[in-house]
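Take a look at the letters that make up each chain.
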Amino acid sequence: MLRRRSSSTIPFGYILSEDPKFLEEVPEQIEALEKVKPLIKDKTLSLREGAMWLEHTTGRSLSHAGLKKIVNNG
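For every chain, the first residue of the written sequence is number 1, and numbering continues from 1 along that sequence. Local features in this predicted model are restricted to residues whose pLDDT is 70 or higher, and side-chain atom pairs enter the listing and the counts only when it is 80 or higher, whereas totals over whole chains, interfaces and linings include all residues. For the side-chain quantities, the full set of heavy atoms in the structure was used; hydrogens and water were omitted.

The helix and strand tally for the chain stands at 3 helices and 3 strands. The way it works is that DSSP assigns letters per residue, a run of H or I at least four long becomes a helix, a run of E at least two long becomes a strand, and they are numbered from the N terminus. Start at the N end of the chain and walk to the C end: the helices and strands fall as β-β-β-α-α-α. Note that the radius of gyration is over C-alpha atoms, with the globule rule given as 2.2 Å times the number of residues to the power 0.38. Taken against the 2.2 N^0.38 rule, which gives 11 Å for 74 residues, the C-alpha radius of gyration of the chain at 13 Å falls within 12% of a compact globule. Viewed in the frame of its principal axes, the chain has a C-alpha envelope of about 40 × 20 × 20 Å. When a residue's accessible area, from a 1.4 Å probe over protein chains only, is under 20% of the maximum for its type it is buried; when over 50% it is exposed; and in between it is partly exposed. Scored against the burial criterion, the 74 residues of the chain give a buried share of 26%. In this analysis, two residues are considered to be in contact whenever any of their non-hydrogen atoms come within 4.5 Å of each other. Intrachain contacts of the chain at a sequence separation of at least 6 include 28% that bridge at least 24 residues.

Now the structure itself:
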């Protein structure tokens, strides 16, 4: 699934498509993010633990502050 690029930052769960005006979903990263969100919301994991788990699982780093923005906005 393509999404129009709106800033210079590539959000977690996306990569640049062949056309640099669009982003392409990375299903593995989106699925991992959806698994960790409820664990953070019910305080089973801290933001730092969630960010470390995501990096270990997907190979892509995400700061705890970036994860907080994602959890709070979605």
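This paragraph deals with unusual backbone geometry. Even without being a glycine, Lys43 presents a positive backbone phi close to 65°. Here Lys43 shows up in the loop between α1 (27-41) and α2 (47-58). Residue Lys43 is classed as exposed on the basis of its relative accessible area, which comes to 73%.

The salt bridge definition used is simple: a Lys or Arg side-chain nitrogen within 4 Å of an Asp or Glu carboxyl oxygen. Following the criterion strictly, the structure yields 1 salt bridge and no others. Note that Glu34 is salt-bridged to Lys37, the shortest N-O span being 3.3 Å. Residue Glu34 and its partner Lys37 are both found in helix α1; the two are separated by 3 residues, about one turn of the helix.

All right, on to the sheet that holds strand β3 (residues 22-25) then. Paired strands, as defined in this entry, are two strands with at least two bridges between them according to DSSP. With antiparallel pairing, the 3 strands of this open sheet are ordered in space as β1-β3-β2. Of all the strands in the sheet, just β1 (2-4) and β2 (14-16) have a single pairing partner and so form its edges. Ignoring which end each strand starts from, the neighbouring axes of this sheet average 40° apart. As defined by bridge partners, β1 adjoins β3 across 3 bridges and the pair is classed as antiparallel. Only the stretch in contact is used when fitting a helix axis, every axis being a line fitted to C-alpha atoms; angles between N-to-C directions are given from 0 to 180 degrees.

The next subject is the packing of α1 against helix α3 (residues 64-73). When two helices pack together, their arrangement is given by the angle between the helix axes and by the axis-to-axis distance. Relative to each other, α1 and α3 sit at 85°, their axes nearing to 10 Å. By the angle class used here, α1 and α3 are roughly perpendicular. From α1, Leu33, Val36, Lys37, Ile40 and Lys41 reach across to α3, where they touch Leu67, Ile70 and Val71. Per-class residue counts for the contact of α1 with α3 are 6 nonpolar, no polar and 2 charged. Roughly parallel covers angles under 35 degrees, roughly antiparallel covers those over 145, roughly perpendicular covers 65 to 115, and oblique covers all other angles. All amino acids are sorted into three groups, where Ala, Val, Leu, Ile, Met, Phe, Trp, Tyr, Cys and Pro are nonpolar, Asp, Glu, Lys and Arg are charged, and the leftover types, Gly among them, are polar.

Remember, this is a structural readout, not a statement about activity or role.
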